[in-house]
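# Descriptive analysis of the structure
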Amino acid sequence: MRRRKLLWHLFPSYLLITVIAVTAVSWYSFDAVRRFYLEETAAALTARARLLEERARPLTGRSDADALDSLAKELGAAVSTRITVISPDGVVLADSEEDPAVMDNHGDRPEIVQALAGAVGRSSRYSYTLQTNMMYVAVPISSETGIAGVVRTAVPLTAVEEQLRAVRTRIALAALFLLVLSAAVSLAVSRRIARPLHQMQLGAERFAGGDFAHDVPVPRPTEFAGLAESMNRMAADLDARIRTVVQQKAEQEAVLASMSEGVVAIDREAKVITMNRAAAAMLRIDADAVRGRSVQELIRNVRFHEIATSVLEGGGPIEGEITLAGQQETVVEASGAPMRSGSGETVGAVIVLNDVTKLRRLERVRRDFVANVSHELRTPVTSIKGFVETLRDEVGGDGGNSARFLEIIIKHVDRLNAIIEDLLYLSRIEEDADHKGLVLESVSLFDVLSSAIGECRSVAEERGVDIRLTADRGLEARLNRQLFEHAVVNLLDNAIKYSSAGGEVEVGADCEGGGTVISVGDHGLGIAEEHQSRIFERFYQVDKGRSREMGGTGLGLSIAKHIIQAHDGSISVESSLKQGSTFSIHIPDTSSS
Ligand code: ADP
C-alpha cells in the first residue's frame, strides 16, 4: 500500500467535511430564501386580486364586459400586474395585457380550476401569451348566486428569478469564502497535529541510528507529551544499556587479546563468533577475517573439527591434542566446552587452545636424556656386575667382610640394573605411544590375566600368597597384549609384595559402562590417603627403605600408568591402611573404532 503523510490523511478529510457542510447550508439557505420570495410574491398577488374582486363583482355580467376590461387595463397598468377576469365557464371577460376576444378559454388553467372550486388558486408556469415564466393567483368573485367569476393576478417571475440569482451568487461567494477559510484552517490544524508526530519520527530515527544526544521535543497535547517523554526515557535507558554492553565488550576483548591462550567461540552451525589473536596466531589465520565463517572453511585440522563437533553434539567438555603442520610443527592442547543459554540449551562452544610445543619438546629432550643415560649406564653396570660376581666367586663364601661387601655391591648393582631396565622400558612405551601408536589386537582377558598370574606365581608361592582369578572366559578386549600383561604383572607384583604371608590377592575382569574394568586387590599393607595421588609418579615410594628392601624401583606403577594411558584407559586406586588396596584399570571399548 502506498504510504502518505499524516497531513494528507487529515487535511482531505477535514476539507471533505467542510465542503459537505458548506454546500448543505448554502443549499438550505438558498432554498429558504427562494421559498420566502415566492411566498411573498404570491401573498402580494392574492392581496391585489382580493382588492379587485370588490371592484369587479358588479361588472361580471356580459353586458359590462367593456367596462370590466377597461378597469383591468387601468388597474393592471397602475400596479404593474397582469389582471384577468374570467367567467365561471372559462371565458376571458377582461385582461390588462390582451384583447379578451382573442384569448382562448381559461377554464382548464390549474389556478382557475382551484378558484372555481372556491379556494385561492395558484400556479407558476410559462405563459405562451406573454412568452415568459409567470406566477398566477386566482381568487373567486363570490356573489349571492355563487361564484360569479374569477379574478386572476399575475406577475412575471423574471424579477423574482433575478433577485434569487443575485442571492444565490452572494450565498455561493460566502460559501466559497468559507471553504477557502476552512481549508486554510484545516491545513493549519492538520499541520499542528502532524508536526509533533513528525518530530517524534525524526527523533526515533535518530535513536535507531544510535544518536541519543538530542531529546525529542515535548509537544503540548497530553497524549503527545506522554509519548515523547516515554521515548526520551526509553532512549536514555537504551543509551545506558548500550554503553554498558560496549564497555563489557571492550573489557572482554581486552581480556581475550591479552590472553596467551587461544580462545575460539563458535555458534551452533560451527561458525566463528569470536577468535582472539593468540588463537589466530596458533591456527595461522587472520583474526580480522574470521567472524561468521565456518571452522571447516577456516581451520584445516581434522582433530579440531572433531573436538568442535563433539562439544556441539554431546555438550560435554572435551580435551585433545592437536598437531598443526606448518614450517614448524605446533602442538596445541585444546579444551572444548559448550556455551549454554539461560535455559540450558547448547548455543555454541568455546575452545581454549594452549600452545604446548615447547613443553612437548622439553619432555622429549628429558625423555631422550633419560633413555640415553639409561642406555649408556647399561654397559658399565653390566660390566661392574660381571666383575663383582667374578670377585665374589674368587673370594668365596668365607671371605668375611669382603664377601659381605661384594654381596651388597651386587644387590645395589641389581637394583641399578632394575632401575635402568624400567627407565628404558618407560621410554620405549612413551616413544611407541607418541609416534607409532600401539598395535592393538583382540585378546581374551582371561588368557592375559592367567599369563600375568603365571609370571608371578613363583614369587607368590615364595611369600605364601594365594592369587585368585575371577573373569569370564569369553571376555575380550583390544589390547597390546605384551604391554598390558606387563602392567598387570607390575600391579600383581606390588599386591604380593605388600601382602602379609598367607594373604590373598584377587584379580578380576568385568564389563562396565561401555568398557572393561580389570582389578587387582589385596588385603595387605594399604596406602595412606595422602600418598594415593602420588604413587603413580616416577620414583615415588611410600616407605623408601622398605620398598628398596623388597627390590622396588619406584617405577612399577608409573610404567603401569603409562601403558594404560597408551590404551586411552585410566588407572585408579582405592585403599585404606592395613585393610588392603584395590587397583582398577578402565579400558574404553575401542572395538567400534
Ligand atoms: P615400587 O617398585 O616401590 O613398588 P611402585 O611404583 O610399584 O614402586 O609403587 C609405588 C609405591 O606405591 C610403592 O613404593 C608402595 O609404597 C606403594 N604401593 C604400590 N602398590 C601397593 C600395594 N598393593 N599395597 C601397598 N602399597 C603399595
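Note that this is a predicted model, so its numbers are computed, not measured.

### A few points about the site of the ligand
Every one of the 20 residues lining the ligand counts as a neighbour, but Asn-494, Asp-522, Gln-541, Thr-553 and Leu-557 are closest to it. At 3.3 Å from an oxygen atom of the ligand is found a side-chain nitrogen or oxygen belonging to Lys-497. Between Thr-553 and the ligand, the recorded distance is 3.0 Å, taken from a backbone N or O atom to an oxygen atom. Computed on the free molecule, the ligand has an accessible area of 530 Å², of which 97% lies beneath the protein chains in the complex. Secondary structure elements with two or more residues in the shell around the ligand: α12 (481-497), α15 (556-566) and β17 (580-588). Top contributing element to the shell around the ligand by residue count: α12, with 3 residues.

### Considering the packing of aromatic side chains
Overall, the coordinates contain 5 aromatic pairs when judged by the stated rule. Seen in terms of ring centroids, Phe-36 and Tyr-37 are 6.2 Å apart; in terms of plane orientation they differ by 80 degrees. Their pairing is edge-to-face. Here Phe-536 and Phe-583 contribute two aromatic rings whose centre-to-centre distance is 6.2 Å and whose plane-to-plane angle is 80 degrees, an arrangement assigned as edge-to-face. One end of the pair, Phe-536, is in the loop between α13 (529-532) and α14 (544-549); the other, Phe-583, is in strand β17, and 47 residues separate them in sequence.

### Digging into the side chain of Thr-41
Residue position: Thr-41 is located in helix α1 (residues 7-56). Looking at Thr-41, its side chain comes within polar contact range of the main-chain oxygen of Tyr-37, at 2.7 Å. Not counting the four nearest positions on each side in its chain, Thr-41 is found in contact with Met-135, Val-155 and Val-160.

### Notes on the environment of Arg-478
Within the secondary structure layout, Arg-478 lies in strand β13 (residues 476-479). Relative accessible area serves as the criterion here: at 32%, Arg-478 is assigned to the partly exposed category. Along the sequence, Arg-478 and Ile-112 sit 366 residues apart, while their C-alpha atoms lie 135 Å from each other.

### Overview of the packing of α12 against α15
Contact pair α12 / α15: the axes reach a minimum separation of 9 Å and the direction vectors enclose 145 degrees. Helix-helix and strand crossings are classified by hand; for α12 and α15 the assignment is left-handed. Listed contacts from α15 to Leu-483, Phe-484, His-486, Ala-487, Asn-490, Leu-491 and Asn-494 of α12 are Gly-556, Leu-557, Ile-559, Ala-560, Ile-563 and Ile-564. For the contact of α12 with α15, a count of residues per class yields 9 nonpolar, 4 polar and no charged.

### Notes on the sheet that holds strand β14 (residues 504-512)
One open sheet holds the 5 strands; their spatial order is β12-β14-β15-β17-β16, and the pairing between them is mixed. For this open sheet the edge positions go to β12 (466-471) and β16 (570-576), each flanked by a neighbour on one side alone. Averaged over neighbouring strand pairs, the angle between their axes works out to 15 degrees when direction is ignored. Note: β14 against strand β15 (residues 515-522), 8 bridges, orientation antiparallel. Pairing of Cys-511 across the sheet is with Thr-516, part of β15. Its contacts with the sheet put helix α11 (residues 445-463) on β12, β14 and β15, and the angle it makes with β12 is roughly 175 degrees.

### Let's talk about the pattern of salt bridges
One side chain can pair with another of opposite charge once the charged atoms of both are near each other. Across all of its chains, the model carries 36 salt bridges by this definition. With its nearest N and O atoms 3.1 Å apart, the salt bridge here joins Arg-35 to Asp-31. Taken together, the positions of Arg-35 and Asp-31, both in helix α1 and 4 residues apart, correspond to about one turn of that helix. Taking the relative accessible area as the measure of exposure, Arg-35 reaches 52% and is therefore exposed. With a relative accessible area of 16%, Asp-31 lands in the buried category. Between Arg-206 and Asp-211 there is a salt bridge, with the nearest N and O atoms lying 4.0 Å from each other.

Thresholds applied
Residues numbered from 1 in each chain as written. Predicted model: local features only at pLDDT ≥ 70, side-chain atom pairs only at ≥ 80, totals over all residues. Heavy atoms only, no water. Near = heavy atom within 4 Å. Polar contact = N/O pair within 3.5 Å; in protein donor to acceptor, adjacent residues only side chain to side chain. Areas by Shrake-Rupley, 256 points an atom, 1.4 Å probe, with all protein chains shown as cover. Helix = DSSP H or I, 4+ residues; strand = E, 2+ residues; numbered from the N terminus. Phe/Tyr/Trp six-rings, centres within 6.5 Å; stacked < 30°, edge-to-face > 60°. Contact = heavy atoms within 4.5 Å. Buried < 20%, exposed > 50% of the residue type's maximum accessible area, 1.4 Å probe, protein only. Axes fitted to C-alpha atoms, helices over the stretch in contact; angles between N-to-C directions. Left-handed = near helix turned anticlockwise from the far one by under 90°. Nonpolar A, V, L, I, M, F, W, Y, C, P; charged D, E, K, R; others polar. Pairing = 2+ DSSP bridges. Salt bridge = Lys/Arg side-chain N within 4 Å of Asp/Glu carboxyl O.

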